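# Inside the fold
Spelled out, the chains give:
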Amino acid sequence: SAPGARFTLADLPLREALRGQHAYGAPQLDVPVALNTNENPHPPSRALVDDVAESVRQAATVLHRYPDRDAVALRADLARYLTGRTGVELGVENLWAANGSNEILQQLLQAYGGPGRTAIGFVPSYSMHSIITGGTDTTWVEMLREADFTLDVTAAVAEIGRRAPDVVFLTSPNNPTGQSLSLDDIRAVVSVAPGIVIVDEAYGEFSDRPSAIALLDEFGDRLVVTRTMSKAFAFAGGRLGYLVASPALVESLLLVRLPYHLSVVTQAAARAALRHADDTLATVAAIVAERGRVVAELTALGYSVVDSDANFVLFGHLTDAAIAWQRFLDRGVLIRDLRIPGHLRATIGLAAENDAFLRAAAEVAADGL
Ligand code: PMP
């Protein structure tokens, strides 16, 4: 066995807060139909692959040098993309980028959380919010969403007033429920929050709702909008997340980021992918159309489906979600069991993948859900 294999986690002088914790673990199984991690199922276009390859080839000629520590060219490209999308005039100084929006969230918690500080989330939501909070020794507080998974904004505002958290997580559209928040909802929360409010818009491109970026000028001292190229941009493997905030808030992240965190290769590949944004984002409309079909067919099969503004759907009511999850897997379809009683989440895939998922769903329904 491997040297040192006789030691276990319990033998290590680990931080108390990490004892007994479990690592984030979406199963990575080799199955015919993987609909469990909310990726864009459309592979990159040939033109995009060629552009990435050529850009990385050029970047390789300067691999002996550190990358631009501040990723200025990439941030300028992202600012242009978001200005076009939202109509809000954004500049390099409003953007920050990192290796996935998870790293962005971690940097935010490093700067605004920490021992003695508190972060609140409204669950069920994205599990990494609490994991990253714990990882920075920030105290995690959670409030339940309603039985239909919507957020009771009045109750949330009251809870924020009571707890005075240093960090508030809003997720819009929310993972794993798919519902999004209106600008009025977000404004109500930011108005009472004493600390920063992170609006996680990882799935923003799949929703028709306006982005919280529209509120930045009003709330530049507190509001942060996080985004990613992992979903709509079909760039999950490239690892590029970003945030939009006031210049001061962006500057604050330089205090905690590791120097040269975004490699030359990552910056070059992301910029190449952004040049093909129009092509890639055309797949979003196809995914949204498929989402409509999946929701309609699941409903016709007798499932209850939570309204989704994202590229996945949460559905129920299953007698036993764990057993149902296994039944899908037995039929070659990997979806996600997030331990929400009676519910499972399925990512919207290509038409043929959705067909396979719906066939399995019909069989599970025939078994009595
Ligand atoms: N936020 C939400 C709500 C997500 O669902 C995810 C990915 N599942 C992320 C952030 C992180 O994505 P990435 O690190 O790939 O940008």
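Anything mentioned here points back to the structure above.
Right, let's walk through the structure included here. Keep in mind that what you see is a predicted model, and the values were worked out from it rather than measured.

## Some words on the overall build of the chain
When helices and strands are counted, the chain shows 11 helices and 12 strands. Against the compact-globule benchmark of 21 Å for 369 residues, the chain has a radius of gyration of 21 Å, which places it among compact chains. C-alpha extents for the chain along the principal axes are approximately 60 × 55 × 55 Å. Counting every position in the chain, which comprises 369 residues, the buried fraction comes to 53%. Of the roughly 16,700 Å² that the chain leaves accessible, carbon and sulfur atoms contribute 53%. For the chain, the distance from the average position of its 31 positive side-chain charges to the average position of its 43 negative side-chain charges is 5 Å.

## Examining the sheet that holds strand β6 (residues 196-200)
Sheet strands line up and pair through hydrogen bonds in the backbone, either parallel or antiparallel. Strand order in the open sheet made by the seven strands is β2-β8-β7-β6-β5-β3-β4, with mixed pairing throughout. In this open sheet, the two edge strands, each paired with only one partner strand, are β2 (95-98) and β4 (139-144). Strand after strand, the sheet turns through a mean of 25° between neighbouring axes, direction not considered. Here β6 pairs with strand β7 (residues 223-228) via four bridges, running parallel. Opposite I198, over in β7, you have V224 as the bridge partner. Of the strands in this sheet, β2, β3 (118-123), β5 (167-171), β6, β7 and β8 (241-244) are in contact with helix α3 (residues 100-112), which crosses β2 at around 115°.

## As for the site of the ligand
Contacts to the ligand come from 13 residues, most closely from S101, D200, Y203, T228 and S230. Between an oxygen atom of the ligand and a main-chain N or O atom of N102, the distance comes to 3.1 Å. S230 places a side-chain nitrogen or oxygen 2.6 Å from an oxygen atom of the ligand. Out of a free accessible area of 400 Å², the ligand has 94% covered by protein chains. Top contributing element to the shell around the ligand by residue count: α3, with three residues. Residue composition of the shell around the ligand, by class: three nonpolar, seven polar and three charged.

## Topic: the nonpolar core
Formed by 86 residues in total, the largest nonpolar core has its most connected members in F328 and F357. In terms of residue count, helix α11 (residues 351-366) provides more of this core than any other element does, seven residues in total. Not counting the four nearest positions on each side in its chain, F357 is found in contact with L35, V294, L298, F315, F328, V333, I335 and A346. Of all hydrophobic cores here, the second largest spans 21 residues; its members include I132, F169, I198 and L253.

## Examining the packing of helix α2 (residues 72-86) against helix α8 (residues 264-275)
Viewed as axis vectors pointing N to C, α2 and α8 meet at an angle of 25°, and their least axial separation amounts to 10 Å. It follows from the interaxial angle that α2 and α8 lie roughly parallel. As for how α2 packs across α8, the hand of that crossing is left-handed. Between α2 and α8, the contacting residues are A73, L74, D77 and L78 on the first element and Q267, A270, R271 and L274 on the second. Of the residues belonging to the contact of α2 with α8, the class tally is five nonpolar, one polar and two charged.

## Regarding the packing of aromatic side chains
One pass over the full model with this rule turns up eight aromatic pairs. Ring geometry for Y303 and F315: centres 5.3 Å apart, planes at 90°, overall edge-to-face. With Y303 in the loop between α9 (277-300) and β9 (304-305) and F315 in strand β10 (residues 312-316), this pair connects stretches of sequence that are 12 residues apart. When sorted by exposure, Y303 lands in the same class as F315, which is buried. Aromatic ring contacts, followed pair by pair, group Y303, F315, F328 and F357 into a single cluster. Here the guanidinium or amino end of R345 rests over the ring plane of F312, the centre of that ring lying 5.6 Å away.

## Some remarks on the side chain of R222
Mapped onto the secondary structure, R222 falls in the loop between β6 and β7. If sequence neighbours within four positions are ignored, R222 has contacts with V190, S191, A193, G195, I196, V197 and L249.

What counts, and at which threshold
- Residues numbered from 1 in each chain as written.
- Predicted model: local features only at pLDDT ≥ 70, side-chain atom pairs only at ≥ 80, totals over all residues.
- Heavy atoms only, no water.
- Helix = DSSP H or I, 4+ residues; strand = E, 2+ residues; numbered from the N terminus.
- Rg over C-alpha atoms; globule rule 2.2 N^0.38 Å.
- Buried < 20%, exposed > 50% of the residue type's maximum accessible area, 1.4 Å probe, protein only.
- Areas by Shrake-Rupley, 256 points an atom, 1.4 Å probe, with all protein chains shown as cover.
- Lys, Arg positive; Asp, Glu negative; His and termini not counted.
- Charge placed at Lys NZ, Arg CZ, Asp CG, Glu CD.
- Pairing = 2+ DSSP bridges.
- Axes fitted to C-alpha atoms, helices over the stretch in contact; angles between N-to-C directions.
- Contact = heavy atoms within 4.5 Å.
- Near = heavy atom within 4 Å.
- Polar contact = N/O pair within 3.5 Å; in protein donor to acceptor, adjacent residues only side chain to side chain.
- Nonpolar A, V, L, I, M, F, W, Y, C, P; charged D, E, K, R; others polar.
- Core = buried A, V, L, I, M, F, W, Y, C linked by side-chain atoms within 4.5 Å.
- Parallel < 35°, antiparallel > 145°, perpendicular 65-115°, else oblique.
- Left-handed = near helix turned anticlockwise from the far one by under 90°.
- Phe/Tyr/Trp six-rings, centres within 6.5 Å; stacked < 30°, edge-to-face > 60°.
- Lys NZ or Arg CZ within 6 Å of the ring centre and 35° of its normal.

Read these as layout, nothing more, since geometry by itself doesn't imply function.
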